Amino acid sequence: MDQSSAKFIVDGNAYDLPVITGTEGEKGVDISKLRAQSNYVTFDQGFGNTSNCLSSITFLDGEQGVLRYRGYPIEQLAERSSFLETAYLLIYGELPNAEQLRSFSEAFTENSMIHEDMKNLFNGYPSTAHPMAILASMVCSLEAYYPDIDTMNPNPEEFDQIAAQLMSKIRTIAAFAYKKSIGEPFVYPRHDLEYVPNFLNMMFSSPTRAYKIYDEVVKAVKVLLILHADHEQNCSTSTVRLVGSAQSNLFASISSGICALWGPLHGGANEAVIDMLEAIHKGGGDVDHCLERAKDKTNPFRLMGVGHRVYKSYDPRAKIIKECAHDLLAKLGIHDPLLDIAMRLEEKVLKDSYFVDRNLYPNVDFYSGIIYKAVGIPRNMFTVMFAIGRMPGWIAHWREMKDSPGTRIGRPRQIYVGPHKRDYVPINKR
Ligand code: ACO
């Protein structure tokens, strides 16, 4: 913590505000007592300039394109770690040793099934239901099946159990939601398969069809899950923390994060990118028309998968995903015209003054859909894949929020701009 302070001068009065310095040197002015001292609040729509917490989970430097989980560069984790190991790192703060990883993995295996009664809930949905709707409801409903655990204030053992349940069961729920949508019987998780192959098997095998698990596919999905695993105070994670700050239980808090992720300006962008690339393809491949629409301020259309609140340089995750997309398509012998269109679009974005002046670069979702498509994952499951990946980050933030001294219920202020006091007028006099 820094001993320096900032000065806030208003109405002829000066107030000293403490300055907080993070471990990587980023500075913040602590305004938490400002209103009590001066009667002023701050105004920051979309929280573009507001820190809601101190966090030691993820470091992000949007100007330099740096992303680290618990200090470890994302590039190293994507290349050398497994999803479970990265999840453990995010949730517990350190890379696990062999024994810790073994027991973490065992907890996943033990918790991979969902309660048989939950299968009835799937049957209540129409086959047209979006899997994100099913996922959010099912994750919230999980709480109802574990009445013996204190999911609001779990002790350390209970927390370990719920964390493993959430991470393991989200995969089963996701695959069941998909099976429900295509009218096939559910495929149960298998104890002999690791996290990613187990999920792919539940998605793509059936009683009449074995699914061949390719290493290249497993690797690509693993990389995507790791890259999505956390991204500090993004919209869904902030939602999880905000809901959790009311002492809502972990399942409910994460369910609300899933709802936030669904939006096309956040995790739903991966689905929207493929819609956009396909529309360009169907229209003859003219990327210029799409760029002109995105730049036209009278048109609400935005280039999906481009731009980011925090990255003002190339998103380091997009770099890795782009390479991964090329590798996977080459190894599977797939030629996807959408990849060509995405690359042409990117090339123009990087040169066009509209995007250059606003620091708009491809983000994590620009190329991820191309990989999911090559793996055979249907478009409405793309954001579900994101949710599976983001689960350890949400859990880690919920835990950190609960354990941080001084955590208060999240409750922003507003500046009221409505009518002054006026007297009620009966309906016959209006
Ligand atoms: N296409 C065209 N213009 C854009 C785009 C885009 N994709 N993104 C931002 N801009 C423009 C805005 O119109 C604005 O222009 P102006 O200054 O002339 O008014 C300027 O760039 C700044 O944009 P903001 O909306 O203020 O940026 P903000 O930080 O609020 O939004 C967001 C970030 C939501 C990601 C935005 O860039 C966007 O809508 N991108 C497309 C959706 C997307 O890919 N979302 C996924 C993000 S990554 C994730 O959540 C996993």
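Here the structure is shown first, and the text comes after it.
Residues numbered from 1 in each chain as written. Predicted model: local features only at pLDDT ≥ 70, side-chain atom pairs only at ≥ 80, totals over all residues. Heavy atoms only, no water.

**Observations concerning the site of the ligand**
Stage number 1. Taken together, 21 residues sit near the ligand, with His266, Lys297, Leu303, Gly305 and Arg309 positioned nearest.
Stage number 2. Taking His266, its side chain carries an N or O atom lying 2.8 Å from an oxygen atom of the ligand.
Stage number 3. Contacts to the ligand include Leu303, whose backbone N or O atom sits 2.7 Å from a nitrogen atom.
Stage number 4. The fraction of the free accessible surface of the ligand (920 Å²) that becomes covered by protein chains is 75%. (Near = heavy atom within 4 Å. Polar contact = N/O pair within 3.5 Å; in protein donor to acceptor, adjacent residues only side chain to side chain. Areas by Shrake-Rupley, 256 points an atom, 1.4 Å probe, with all protein chains shown as cover.)

**Structural notes on the sheet that holds strand E5 (residues 66-69)**
Either a parallel or an antiparallel arrangement is found when strands of a sheet pair, and the pairing is made through backbone hydrogen bonds.
Stage number 1. Overall, antiparallel pairing links the three strands, which are arranged E4-E5-E6 in an open sheet. Each end of this open sheet is capped by a strand with a single partner; those strands are strand E4 (58-61) and strand E6 (72-73).
Stage number 2. One ladder, built from four bridges, connects E4 with E5; its direction is antiparallel. Across the sheet, residue Asp61 finds its bridge partner in E5, namely Val66. (Pairing = 2+ DSSP bridges. Helix = DSSP H or I, 4+ residues; strand = E, 2+ residues; numbered from the N terminus.)

**As for the side chain of Thr237**
Stage number 1. Locating Thr237 in the fold gives a position in helix H10 (residues 235-245).
Stage number 2. A residue is classified by how much of its surface remains accessible, and Thr237, at 0% relative accessible area, is buried.
Stage number 3. Among the polar contacts made by the side chain of Thr237, one reaches the side chain of Asn234 at a distance of 2.9 Å.
Stage number 4. Here Thr237 is in contact with Asp230, Glu232, Arg390, Trp394 and His397, once residues within four sequence places are set aside. (Buried < 20%, exposed > 50% of the residue type's maximum accessible area, 1.4 Å probe, protein only. Contact = heavy atoms within 4.5 Å.)

**Some thoughts on the nonpolar core**
Stage number 1. Among the nonpolar cores identified, the biggest contains 121 residues, and Leu135, Leu166, Ile254, Met276, Leu277 and Leu303 are the most heavily contacted of them.
Stage number 2. Not counting residues up to four positions away in its chain, the partners in contact with Leu135 are Ile170, Ile173, Ala174, Ile258, Val384 and Ala387. (Core = buried A, V, L, I, M, F, W, Y, C linked by side-chain atoms within 4.5 Å.)

**So, empty space enclosed by the protein**
Stage number 1. Under the counting rule described, the total for this entry stands at one cavity of 30 Å³ or more.
Stage number 2. Empty space within the largest cavity amounts to approximately 40 Å³.
Stage number 3. Considering the residues around the largest cavity, the lining is formed by Arg171, Tyr195, Val196, Phe199, Val221, Leu225, Met385 and Ile388.
Stage number 4. For the lining of the largest cavity, the secondary structure elements donating two or more residues are helix H8 (195-204), helix H9 (215-228) and helix H18 (382-403).
Stage number 5. When residues of the lining of the largest cavity are assigned to their parent elements, the largest contribution, three residues, is made by H8. (1 Å grid on protein atoms, 1.4 Å probe; cavity = no way out; pocket = protein on both sides within 12 Å on 5 of 7 lines; lining within 4 Å. Points joined across faces, edges and corners; volume = space filled by probe spheres on them.)

**Considering the pattern of salt bridges**
Stage number 1. Scanning the model with the defined rule gives 19 salt bridges in all.
Stage number 2. In this structure, Arg317 engages Asp315 in a salt bridge whose closest nitrogen and oxygen atoms are separated by 2.8 Å.
Stage number 3. A residue is classified by how much of its surface remains accessible, and Arg317, at 2% relative accessible area, is buried.
Stage number 4. Using a relative accessible area of 1% as the deciding quantity, one classes Asp315 as buried. (Salt bridge = Lys/Arg side-chain N within 4 Å of Asp/Glu carboxyl O.)

**Things to note about unusual backbone geometry**
Stage number 1. The backbone of Asp11 sits at a positive phi, close to 50°, despite the residue not being glycine.
Stage number 2. Among the structural elements, Asp11 can be located in the loop between strand E1 (5-10) and strand E2 (13-21).
Stage number 3. On the basis of relative accessibility, which here comes to 63%, the residue Asp11 falls in the exposed class.
Stage number 4. Unlike most non-glycine residues, Arg70 shows phi in positive territory, near 50°.
Stage number 5. We classify Arg70 as partly exposed; its relative accessible area is 21%.

**Some remarks on the packing of H9 against helix H17 (residues 365-375)**
Stage number 1. Interaxial distance between H9 and H17 falls to 11 Å at its minimum, and their mutual angle equals 150°. As summarised for this structure, H9 and H17 are arranged roughly antiparallel, according to the angle between their axes. Like other packed secondary-structure pairs, H9 and H17 cross with a definite hand, here left-handed. Every residue of H17 that contacts H9 at Val217, Ala220, Val221, Leu224 and His228 is listed here: Asp365, Ser368, Ile371, Tyr372 and Val375.
Stage number 2. Taken together, the residues that form the contact of H9 with H17 break down as seven nonpolar, two polar and one charged. (Axes fitted to C-alpha atoms, helices over the stretch in contact; angles between N-to-C directions. Parallel < 35°, antiparallel > 145°, perpendicular 65-115°, else oblique. Left-handed = near helix turned anticlockwise from the far one by under 90°. Nonpolar A, V, L, I, M, F, W, Y, C, P; charged D, E, K, R; others polar.)

**What about a nonpolar patch on the surface?**
Stage number 1. Taken together, the side chains of Phe43, Ile415 and Val417 present a nonpolar region at the surface, about 380 Å² in accessible area.
Stage number 2. Looking at the element boundaries, Phe43 is found in the loop between helix H1 (34-38) and E4.
Stage number 3. When its relative accessible area of 63% is taken as the criterion, Phe43 is described as exposed. (Patch = residues over 30% accessible without salt bridge, like charges linked within 9 Å, V, L, I, M, F, W, Y side chains within 5 Å.)

**Observations concerning the pairing of E1**
Stage number 1. Bridging between E1 and E2 involves six bridges; their strand directions are antiparallel. Paired with Ala6 across the two strands is Leu17, which belongs to E2.
Stage number 2. Counted along the chain from E1 to the antiparallel partner E2, the turn is two residues long, and its residue Asp11 has a positive phi close to 50°.

**Observations regarding the packing of aromatic side chains**
Stage number 1. As enumerated under the stated definition, the model contains 19 aromatic pairs in all.
Stage number 2. Ring plane angle 85° and centroid distance 5.3 Å describe the contact between Tyr88 and Phe104, whose orientation is recorded as edge-to-face. Of the two residues, Tyr88 sits in helix H3 (residues 83-92) while Phe104 sits in helix H4 (residues 98-110), which places them 16 residues apart along the sequence.
Stage number 3. Judged by its relative accessible area of 12%, Tyr88 is buried.
Stage number 4. Aromatic pair Phe176 and Phe186: ring centres 4.3 Å apart, planes at 5°, arrangement stacked. (Phe/Tyr/Trp six-rings, centres within 6.5 Å; stacked < 30°, edge-to-face > 60°.)

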